[in-house]
Amino acid sequence: MTTHRGRWGALALALSVFVVLGSSLSFGAIEASSTLPKPDRQSTSLISFRLDPPAGQILFPNRNNYAQHAASPGALLLFLPATGAQPSDYRMFLRTAVASGYNVLGLDYWNRGKSVVNTCGGDPECYTAVQRNRFDGTVPSAVSNVEPANSILNRLTLALTQLETVDPAGQWGRYLDHGQVDWSRIVLAGHSQGGGESAYIAHLHLVHGVLMFSSPVLTDDGAPAAWMREPGMTPASRMYGFVNQNDMYFSKIAGSWSVLQLQQAGSPALVDVPRGSHQLVSTLDMGTPAEAHGRTVTDGTAQSPDGVPLYQPTWEWMLDQTK
């Protein structure tokens, strides 16, 4: 562990309308199909919808979620956006995941206000409190007071139940077992705060895989989130991280990977468009450190002249590992 942390420390320094009549499901328009460049990839569309909570539940925020099923439904890729972002900011990646054989769900959740790292800083216990509260609505505190109805867990259950009704071909109910989420059929993915939340959920539950983009940002001056001190349910062999070397949080992300022991699963891959490692570090110029933090997976990422994301080969490689 010491050797790997030293390596990372040096690196950090060097571096068409869909409408359900008579229903309140609020499904929006289906996007136009977008053909991916590989001939064996199918064109994909995404369904935009808002959650319809049962009586007595008030959801806030309640922005559009995005979902689509693959031709042959396999694992569910659950994607959680970064602080202040929403699923509509990641449609290129979500379409890539559908083409790779996943059912996908880009889920809106409580990610308002300051980022977790700016909320918690060097307080290890704070990270656990914030992430637990946003996951299931328990243990509210002064830094995070999300009610159970607004939790990721409740929103995910509502979304799968709604999708099973309006899109039965997607077999969305297969990700629920007697009304409870079947985590073994789910690949968690997320950007920044969403990637950190994905890692935390994978600590609590054995999931099929974890894809972390510009994340987790869960260490500060060598002090990791408290929950990272103990082994989690999902092994490091099922986890993959991707970051740009110019990311404003690079040293914190690398530190989090070290604590999660991703180094034991392979050496870092440092090239423009990396593949072949559990720790993927891009050397591609993606602008300022703040821009580099966002452009690993958002629709604002760099694209070729014909509109193909430059990082699409990295996305596809990561998706293939957890499929």
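Residue indices follow the written sequence of each chain, beginning from 1 at its first position. Under the rules for a predicted model, residues below a pLDDT of 70 receive no local features and side-chain atom pairs below 80 are neither given nor counted, while totals for whole chains, interfaces and linings still include all residues. For the side-chain quantities, the full set of heavy atoms in the structure was used; hydrogens and water were omitted.

**Some thoughts on the overall build of the chain**
Our working definition: Helix numbers and strand numbers start at the N terminus; a helix is a DSSP run of H or I with at least 4 residues, a strand a run of E with at least 2. Burial classification: accessible surface area is computed with a 1.4 Å probe over protein chains only, and a residue below 20% of its type maximum counts as buried, one above 50% as exposed, and the rest as partly exposed. Surface exposure here means Shrake-Rupley accessible area, sampled with a 1.4 Å probe, where a residue is shielded only by the protein chains that are shown.
Looking only at helices and strands, the chain features nine helices and 14 strands. Expressed as a percentage of the 323 residues in the chain, the buried residues total 55%. Put simply, the chain shows about 12,800 Å² of open surface, and 52% of that area lies on carbon and sulfur atoms.

**Some details on the nonpolar core**
The condition is simple: Here the nonpolar core consists of buried residues drawn from Ala, Val, Leu, Ile, Met, Phe, Trp, Tyr and Cys, with membership extended through side-chain atoms lying within 4.5 Å. Note on contacts: a residue pair qualifies if any of its non-hydrogen atoms lie within 4.5 Å across the two residues.
Formed by 54 residues in total, the largest nonpolar core has its most connected members in L105, L156 and W183. What L105 contacts, discounting residues up to four positions off in sequence, is F49, N65, Y66, A67, L76, L77, L78, F79, L156, A159 and L163. Listed in part, the 31 residues of the second largest apolar core include L94, V104, L284 and Y311.

**A word on the packing of helix α4 (residues 124-136) against helix α6 (residues 193-204)**
Counted only if it meets this: Where helices are involved, their axes are fitted lines through C-alpha atoms of the stretch in contact, as for all axes, and angles between N-to-C directions lie from 0 to 180°. Roughly parallel means an angle under 35 degrees; roughly antiparallel, over 145; roughly perpendicular, 65 to 115; everything else is oblique. Each residue is assigned to one class: nonpolar for Ala, Val, Leu, Ile, Met, Phe, Trp, Tyr, Cys and Pro, charged for Asp, Glu, Lys and Arg, and polar for all the others, Gly among them.
At a minimum axis separation of 10 Å, α4 and α6 run at an interaxial angle of 85°. Comparing their axes, α6 and α4 come out roughly perpendicular. Of α6, the residues touching α4 (which contributes T128, Q131, R132, R134 and F135) are Q193, G196, E197, Y200, I201 and L204. Each residue belonging to the contact of α4 with α6 can be placed in one class, and the counts come to four nonpolar, four polar and three charged.

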